[in-house]
Amino acid sequence: MFGITDDFTHLTGFALYLAIFALPFIQEDAAVIGAATASMLGIAPTSLLVAAILSGLIASDAWKYWVGRLARRYEWAHKFAEKPGVSVAGDLVRKEFIQTMLTARFVPGTRIPTYVACGFFKAHYGKYLLTLVLTASMYVAIMFTLFHVGGAVAGEKAKF
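All chains use their own residue numbering, which begins from 1 and follows the written sequence. Only residues with pLDDT of at least 70 are given local features in this predicted model, and only at 80 or more are side-chain atom pairs given and counted; all residues enter the totals for whole chains, interfaces and linings. Think of the side-chain values as coming from all heavy atoms in the structure, minus any hydrogens and water.

As a further point, take the overall build of the protein chain. Helical segments are the DSSP runs of H or I of at least four residues, strand segments are the runs of E of at least two, and each set is numbered from the N terminus. When helices and strands are counted, the protein chain shows 11 helices and 0 strands. Burial classes follow relative accessibility: with a 1.4 Å probe on protein chains only, a residue under 20% of its type's maximum area counts as buried, one over 50% as exposed, and anything between as partly exposed. Residues classed as buried in the protein chain amount to 36% of the 160 residues present. Residue pairs at least 24 apart in sequence account for 78% of intrachain contacts in the protein chain once pairs closer than 6 positions are excluded. Each accessible area value is a Shrake-Rupley result obtained with a 1.4 Å probe; residue values ignore everything except the protein chains displayed when judging cover. Looking at the protein chain as shown, the accessible area adds up to about 9,300 Å², and 70% of this sits on carbon and sulfur atoms. Throughout, a contact is declared for two residues whenever any of their heavy atoms are within 4.5 Å.

The span expected for a helix works out to 1.5 Å for each residue beyond the first. Over its 12 residues, helix α7 (residues 84–95) extends 16 Å from the first C-alpha to the last, a length consistent with the 16 Å expected when each residue adds 1.5 Å. By the burial criterion, the buried members of α7 are Val86, Gly90 and Val93. Buried residues in α7, looked at end-on, bunch into an arc of 65 degrees, giving them a common side. Structural note: α7 exposes Pro84, Gly85 and Lys95 on the side pointing more than 90 degrees away from its buried face. Buried residues belonging to α7 abut α6 (75–81), α8 (97–106) and α9 (111–120). Relevant arc is that of directions from the helix axis to the C-beta atoms, nothing else.

Here we come to the packing of helix α5 (residues 64–71) against α9. Packed helix pairs are characterised by how far apart their axes lie and by the angle those axes make with each other. α9 packs onto α5 with a crossing angle of 50 degrees between their chain directions and a minimal axis gap of 6 Å. Here α5 lies oblique to α9, going by the angle between them. For the pair α5 and α9, the sense of crossing is right-handed. The segment α5 lies against α9, with Lys64, Tyr65, Val67, Gly68, Arg69 and Ala71 engaging Ile112, Tyr115, Val116, Cys118, Gly119 and Phe120. For this scheme, ten residues count as nonpolar: Ala, Val, Leu, Ile, Met, Phe, Trp, Tyr, Cys and Pro. Four count as charged, namely Asp, Glu, Lys and Arg, and the remainder, Gly too, count as polar. Of the residues contributing to the contact of α5 with α9, the split by class is 8 nonpolar, 2 polar and 2 charged. What counts as an axis is a line fitted to C-alpha atoms, over the stretch in contact for a helix, and the angles between N-to-C directions run from 0 to 180 degrees. Relative orientations are named as follows: roughly parallel for angles under 35 degrees, roughly antiparallel for angles over 145 degrees, roughly perpendicular for angles from 65 to 115 degrees, and oblique for any other angle. Note on convention: the crossing is left-handed when the near helix lies turned anticlockwise from the far helix by less than a right angle, right-handed when the turn is clockwise.

Moving on, we get to the side chain of Lys64. With respect to the secondary-structure elements, Lys64 resides in helix α5. As used in this structure description, the phrase polar contact means that two N or O atoms lie within 3.5 Å; if the pair is within protein, one of them must be able to donate a hydrogen and the other to accept it, and residues adjacent in sequence are counted only when both atoms belong to side chains. A polar side-chain atom of Lys64 sits 3.2 Å from the main-chain carbonyl oxygen of Ser60. Setting aside anything within four residues of it in sequence, one finds Lys64 in contact with Glu28, Ile112, Tyr115, Val116 and Tyr128.

Side chains that differ in charge, positive against negative, can pair when their charged atoms come close. The term salt bridge refers to a side-chain nitrogen of Lys or Arg lying within 4 Å of a carboxyl oxygen of Asp or Glu. Overall, the coordinates contain 6 salt bridges when judged by the stated rule. Asp61 is the salt-bridge partner of Lys64, the closest N and O atoms lying 2.9 Å from each other. Relative accessible area serves as the criterion here: at 10%, Lys64 is assigned to the buried category. Salt bridges linked by common partners bring Glu28, Asp29, Asp61, Lys64, Arg105 and Arg111 together as one network.

A few words on the packing of aromatic side chains. Pairing of aromatic side chains here covers Phe, Tyr and the six-membered ring of Trp, requires ring centres within 6.5 Å, and sorts the geometry by plane angle: under 30 degrees stacked, over 60 edge-to-face, intermediate tilted. Under the criterion given, the structure shown has 10 aromatic pairs. Ring geometry for Trp66 against Tyr125: centres 4.8 Å apart, planes inclined by 50 degrees, an arrangement best described as tilted. In this pair, Trp66 sits in helix α5 while Tyr125 sits in helix α10 (residues 125–154), placing the two residues 59 residues apart along the sequence. Between the aromatic rings of Phe120 and Phe121, the centroid separation amounts to 5.1 Å while the plane-to-plane angle is 85 degrees, which identifies the pairing as edge-to-face. Linked through ring pairs, Tyr65, Trp66, Tyr115, Tyr125 and Tyr128 together constitute an aromatic cluster. Between Arg72 and the ring centre of Phe120, over which it is positioned, the NZ or CZ distance is 4.9 Å. When the ring centre of Tyr139 is taken as origin, the NZ or CZ atom of Arg111, which lies over that ring, is 5.6 Å away. For a ring to carry a charge above it, either NZ of a lysine or CZ of an arginine must fall within 6 Å of the ring centroid while also lying within 35 degrees of the normal to the ring plane.

Now the structure itself:
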């Protein structure tokens, strides 16, 4: 239809892995879907595709924490953080960290604000990274499983 799938399936080797690694910096969901599709179609080994997409997801999300930490330098950011709706985000980051990170991973539109809030409200960076790795791994595992199971059920139609 748009030629994107055809262009993507023509990538091989380093170019394919680089594209899968870099795409999460633009659009995470499209990157995971592209990697799962490439895996289902047998374009490259699944283990290498999983490694590329996980590396890209983690790299694209790890730096967002520091945007929040840097925002603490500005007085306007502190005033903004005191607003009722924003202070709730701080409470969630401090008291319900794992649940908040899981929600951010699976609810569209919540990742960037949550990851920036983690930095702003000084969540432990090691805990942030570990949770990021775990939630990204869950997301990739779910999507790859869905694509492979769906591909097995649909047969040749799935490749179309």
